[in-house]
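Descriptive structure summary
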Amino acid sequence: EDRVLVINQYRHPIRTRDWELPAGLLDVEGEDPLEAAKRELAEEADLVASEWRELIVIATSPGGSDEIIRIYEARGVSAAPDAFARTEEEAELVLRWVPLAEVVEAALAGRIRNSILLVGALAAHARG
């Protein structure tokens, strides 16, 4: 529906709340990145999706880190069968569906600083 689910949560390294995509780390060695994306969407937003595609893959800081981020596009989104019990930093998550055009405008105007959200939104916009 040309919308992006964004999450606002406190991030201690930058000492403020930040808007970002639902995301997380691979929890176990060898975890499939797509399965991790599905798990994170359920854990952070109580949602499941019927269609998934890899949108873009980025190296966050190739001069100093081997971190690779895969950003997926989820479609056919609906409520998960069970709600996830959130604790600690995830207990105060704020979720908002935002039109993709509005996220792109905010990105280009410099109002978004989360790199993964920036890249994901611009990639989704470019792919149409």
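In this report, the structure presented in the accompanying data block is examined. Please read these numbers as outputs of a predicted model, since none were measured by experiment. (Residues numbered from 1 in each chain as written. Predicted model: local features only at pLDDT ≥ 70, side-chain atom pairs only at ≥ 80, totals over all residues. Heavy atoms only, no water.)

Along the backbone of the chain there are 3 helices and 5 strands. Mapped from its N terminus to its C terminus, the chain presents α and β elements in the order β-β-α-β-β-β-α-α. Taken over C-alpha atoms, the radius of gyration comes to 14 Å for the chain, in line with the 14 Å a tight globule of 128 residues would show. With the C-alpha coordinates aligned to their principal axes, the bounding extent of the chain is approximately 35 × 35 × 30 Å. Out of the 128 residues in the chain, the part that is buried amounts to 33%. Across the chain, the fraction of contacts at a sequence separation of at least 24, relative to all contacts at a separation of at least 6, is 56%. Accessible surface, the chain as shown: approximately 8,200 Å² in total, 51% of it carbon and sulfur. Positive and negative side-chain charges in the chain, numbering 14 and 25 respectively, have mean positions lying 6 Å apart. (Helix = DSSP H or I, 4+ residues; strand = E, 2+ residues; numbered from the N terminus. Rg over C-alpha atoms; globule rule 2.2 N^0.38 Å. Buried < 20%, exposed > 50% of the residue type's maximum accessible area, 1.4 Å probe, protein only. Contact = heavy atoms within 4.5 Å. Areas by Shrake-Rupley, 256 points an atom, 1.4 Å probe, with all protein chains shown as cover. Lys, Arg positive; Asp, Glu negative; His and termini not counted. Charge placed at Lys NZ, Arg CZ, Asp CG, Glu CD.)

What follows is about the layout of surface pockets. Of the pockets and cavities examined, the second largest pocket occupies roughly 210 Å³. Forming the boundary of the second largest pocket are Val-6, Trp-19, Arg-96, Val-98, Glu-102, Val-103, Ala-106, Arg-111, Ile-112 and Leu-117. Of all elements in the fold, only strand 5 (94-99) and helix 2 (100-108) reach the threshold of two or more residues within the lining of the second largest pocket. Ranked by the residues each element gives to the lining of the second largest pocket, the list is headed by helix 2, at 3 residues. A class-by-class count of the residues in the lining of the second largest pocket yields 7 nonpolar, no polar and 3 charged. (1 Å grid on protein atoms, 1.4 Å probe; cavity = no way out; pocket = protein on both sides within 12 Å on 5 of 7 lines; lining within 4 Å. Points joined across faces, edges and corners; volume = space filled by probe spheres on them. Nonpolar A, V, L, I, M, F, W, Y, C, P; charged D, E, K, R; others polar.)

What follows deals with the packing of helix 2 against helix 3 (residues 115-127). Interhelical geometry of helix 2 versus helix 3 gives an angle of 125° and a closest axis separation of 9 Å. Relative to helix 3, the element helix 2 is oriented oblique. In terms of crossing hand, the pair formed by helix 2 and helix 3 is left-handed. Across from Leu-100, Val-103, Val-104, Ala-107 and Leu-108 in helix 2, the residues of helix 3 making contact are Leu-117, Leu-118, Ala-121, Leu-122, Ala-124 and His-125. For the contact of helix 2 with helix 3, the residue count by class is 10 nonpolar, 1 polar and no charged. (Axes fitted to C-alpha atoms, helices over the stretch in contact; angles between N-to-C directions. Parallel < 35°, antiparallel > 145°, perpendicular 65-115°, else oblique. Left-handed = near helix turned anticlockwise from the far one by under 90°.)

Let's shift gears to the sheet that holds strand 5. If you trace the 3 strands from one edge of the open sheet to the other, you get 2-1-5, paired in antiparallel fashion. Each edge of the open sheet carries a strand with a single partner, namely strand 2 (16-20) and strand 5. With strand direction ignored, the average angle separating the axes of adjacent strands in the sheet is 25°. Two elements, strand 1 (residues 3-11) and strand 5, share 6 bridges in a ladder whose sense is antiparallel. The partner of Val-4 across the bridge, within strand 5, is Val-98. Across the face of the sheet, helix 2 comes into contact with strand 1 and strand 5 while running at roughly 95° to strand 5. (Pairing = 2+ DSSP bridges.)

Our next topic: the nonpolar core. Counting 18 residues, the largest nonpolar core has Val-4, Leu-100, Val-103, Ile-112 and Leu-117 as its most contacted members. If you tally residues by element for this core, the top one is helix 2, at 5 residues. If sequence neighbours within four positions are ignored, Val-4 has contacts with Leu-21, Arg-96, Trp-97, Val-98, Leu-100, Val-103 and Leu-117. Judged by nonpolar contacts, the second largest core, of 5 residues, contains Leu-5, Leu-41, Leu-47 and Ala-49. (Core = buried A, V, L, I, M, F, W, Y, C linked by side-chain atoms within 4.5 Å.)

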